[in-house]
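If you want the building blocks of each chain, they are given just below.
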Amino acid sequence: MARNARPALRRQLYSAAVRLLVWLSASVCCCLLAVLIGYICWRGLPGLSWELLTSEESLLQGTAGLLPSLLNTLCVVAVSLAAALPLGVGAAIYLTEYARSRRLTAAVEFASEVLSGIPSILYALVGVIVFCSALGLQKTLLAGSLTLAIMTLPTILRTTQESLRTVPRSYREGALSLGSGRWRMIATVVLPSCVDGIVTGCILAAGRVVGESAVLMYTAGLSTAMQDFSTIQGIMRASGSTLAVALYVYAKERADFAAAFAAATVLLALSALINLAARLAGRRLGRRQRRKKHPAALTRRQGGPHG
Amino acid sequence: MAERTILAARDLDFYYGEVQALRHISINIPAARVTAFIGPSGCGKSTFLRTINRMNDLIPAARAAGSLTFRGQEIYAPDVDVTDLRRRVGMVFQKPNPFPMSVYDNVAYGPRTHGIRDRRRLDLIVEESLRAAAIWDEVKDRLKKSAMSLSGGQQQRLCIARALAVEPEVLLMDEATSALDTISAARIEDLTLELRERFTIVMVTHNMQQAARISDKTAFFLAGELIEFGNTERIFSMPRDKRTEDYITGRFG
Ligand SMILES: Nc1ncnc2c1ncn2[C@@H]1O[C@H](COP(=O)(O)OP(=O)(O)O)[C@@H](O)[C@H]1O
Ligand SMILES: [Mg+2]
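Residues numbered from 1 in each chain as written. Chains lettered and ligands numbered in written order. Predicted model: local features only at pLDDT ≥ 70, side-chain atom pairs only at ≥ 80, totals over all residues. Heavy atoms only, no water.

Caption draft 1: Up close: the overall build of chain A. Within chain A, the secondary structure is distributed over 14 helices and two strands. Against the compact-globule benchmark of 19 Å for 307 residues, chain A has a radius of gyration of 25 Å, which places it well outside the compact range. Over its C-alpha atoms, taken along the principal directions, chain A stretches across nearly 70 × 70 × 55 Å. Within the span of chain A, comprising 307 residues, buried residues form 43% of the whole. Within chain A, contacts between residues at least 6 apart in sequence are counted, and of these 76% link residues at least 24 apart. Working note: accessible area of chain A is about 17,100 Å², and carbon and sulfur atoms make up 67% of it. Counting 31 positive and 13 negative side-chain charges, chain A places the averaged centre of each group 17 Å from the other. (Helix = DSSP H or I, 4+ residues; strand = E, 2+ residues; numbered from the N terminus. Rg over C-alpha atoms; globule rule 2.2 N^0.38 Å. Buried < 20%, exposed > 50% of the residue type's maximum accessible area, 1.4 Å probe, protein only. Contact = heavy atoms within 4.5 Å. Areas by Shrake-Rupley, 256 points an atom, 1.4 Å probe, with all protein chains shown as cover. Lys, Arg positive; Asp, Glu negative; His and termini not counted. Charge placed at Lys NZ, Arg CZ, Asp CG, Glu CD.)

Caption draft 2: Expanded view of the side chain of Ser120(A). Residues and elements named next belong to chain A. Take Ser 120: it is sitting in helix H5 (residues 120-134). A relative accessible area of 17% means that Ser 120 is categorised as buried. Ignoring anything within four residues of it in the chain, the contact list for Ser 120 reads Met 151, Glu 212, Ala 214 and Val 215.

Caption draft 3: A look at the pattern of salt bridges. Residue and element names in this part refer to chain B. This structure, assessed with the given rule, holds 24 salt bridges over all chains. With a closest N to O distance of 3.4 Å, Lys 217 and Glu 3 form a salt bridge. Of this pair, Lys 217 sits in strand S9 (residues 217-222) while Glu 3 sits in the segment before strand S1 (5-16), placing them 214 residues apart in sequence. When the shortest N-O distance is used, the salt bridge between Glu 169 and Arg 88 registers 2.7 Å. (Salt bridge = Lys/Arg side-chain N within 4 Å of Asp/Glu carboxyl O.)

Caption draft 4: Highlighting the domain arrangement of chain A. Residues and elements named next belong to chain A. Assigned domains within chain A: domain 1 (7-46) and domain 2 (67-292). For domain 1 versus domain 2, the separation of C-alpha centres amounts to 32 Å. Counting residues at the interface gives seven residues for domain 1 and six residues for domain 2. For the pair domain 1 and domain 2, the summed buried area comes to about 540 Å², and 81% of that belongs to carbon and sulfur atoms. Ranking the residues of domain 1 by area buried against domain 2 places Ile 40, Arg 43 and Gly 44 at the top, with a combined share of 73%. The interface formed by domain 1 and domain 2 holds zero salt bridges in total. The interface formed by domain 1 and domain 2 contains zero residue pairs in polar contact (both at pLDDT 80 or more). (Domains from an automatic or database assignment. Buried area = accessible area lost by both parts, 1.4 Å probe. Polar contact = N/O pair within 3.5 Å; in protein donor to acceptor, adjacent residues only side chain to side chain.)

As C-alpha cells, this is what we get:
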C-alpha cells in the first residue's frame, strides 16, 4: 500500500497538470477569439449604419457604402458554390463509388490535399491566365467566382468523400440486395445520409470564399461601385470588390478605418449567417430526404384501419 | 410433395483473391423448403449464401468457378441481370439494416426500385408485406415514423418485410436471429415456418436447435467444403460423417 501511494500521487499530479494544460489552451483559444471579435465589433459597430449597408460609396460626399460589396459577396459565394458543388460531389461519388483503380483515387486524393494547401495567390494567377485572359472573361465577378470554385473544389471533394465513406456498408448491401442498381443505391440511400457532410463542405467552402481577398483582387476587380445585376449581360460583365476586398480598399487606399472596420463587422456577421443557414438547410434536407415521396394516401389511411 | 431443385451447385469454388473459401461444393437445394447451413465460423456458410445472390460481386478480387444455377440458369453467366437476380433472390442480414427512412419507405423501397409508382398498389404491397412479416400490428400506426425508432427484433422483421415486398422466389437469411433477444428470435423462427409455404428459404445458423426445429434440409460445412447434406431429421439423428456428428454433438466448433 505504502509503496503504491507515491506512484498514485504522482499519477494524480500528472493528470491534474495535463488537465490544467488543456484547460489553459482552451481558454487561450476562447479568449483570443473573444478579443478578436470584441475588438472588431467595438471598432466596427459605431461606424455601422443602415445608411452604410444600403448605399454605395459616394466620392463626392466622401461617404462609404457597403451595399455593392455585400451584393458582390453574395453573388460570388452563390456562383462559386454552384460551380464547385456539382463538380466536387460528382467527383467524390465517382472516386468512392465507381472508380476501380486504387491508384487513381489515391492520386486524386493526394492532388486535392496538395491543392488545398496552395497559397491562394497561385489560384489568382491561374484565374488571371485561364478565366480572365484565355476564356476572355476579363476582371469580372464571374471570373473571380470560377477561380474560387476551383480553389474550393478540393474542400468539397474531400469532405464529400469522407462522408460517403462513413455510410454504413449495411445500407448499401440492403439496397443492392433488393435489386437496386448502383446509381439508385447512391441516390436514394447513400447521398441522403451524406447531406450533413456535404453541407459541412459547403460551409467551409463558403467561409473561404467570403474571406478570400487576394484571388478576387486580381480576377474580380476593386471597384466599390454598384454593379448592374438586372440583366444577364450586366451580371456577366459585373466587376467589383467583395466585402473582404472592400475592407482592403477602404483601409489601404482610402485610409477610412471606420468603414473598414464596419466592413469587417458585416463580414463577420455574414459568415456567421452563412454557417447558420447552411446548417439549417442541411437539417431540413436530411429530414425531407428521409420523408420524401410520402404518399398522401398513407396519411389518409392512418386514420382508418385499412384505408 | 416431390422435391424440386431450385438452386444447384456443381463443383462450385469460390476465391477471395488467393484464399479459397469454397471447395467443390455440389448441392441441390429444394424449392419450397427451409434449408439450413451449419458449421463452425469461417467455414464458408456466408460466402456460399452470398454467391447465390451475387452479393460477393462487391468484393474486389473475389471470383467464383464451377457451376451454380438458379432454376437452371447459371448465376455467374456474363449475361445475367444481377438486379433481376437479386429481386428474385432476397436477403436478410445478420444485423438488422433498415434504411434511415420511414417504415413505409423501407418496405416500398424494393417495389419502387422495380418501377411501381402507383400509390394504391404500393400501399397494398406495404401492408401485405408487413402482415407477412408479422409486424403489421406493431407498426400500422407509425408507418411514417423512422424505421430506426423500432426495436432490434422489429427492425429485423421490417427487413424481412422489405425483402418480401419484391416477391422473391428465394429468401436467404444469414444468421438473421443471432443479433436478437430470444423472444424476437423465436418470433422470426415462427415466421420462417409460415413463409416456407410460399418461398424457398436458405438460412445460415449457428444455433443447432434452430436448425433442427425449423429446417427441412441441413447442410454441414467445414473449412470450405460441404461435408454432408440431407434431411434435417436424418442429419441430426444419424449423421453419416464423423465430423458432422462431432459438430452437432458439440465436440468442436
Ligand atoms: N471479404 C473477404 N475477404 C477475404 N476473405 C474473406 C472475406 N469474407 C470471408 N472471407 C474468408 O472466407 C472464409 C469463409 O468466411 P465466411 O463465409 O464468412 O464464413 P462463415 O459465414 O461460415 O463464418 C473465412 O476464412 C474468411 O476469413
Ligand atoms: Mg457468416
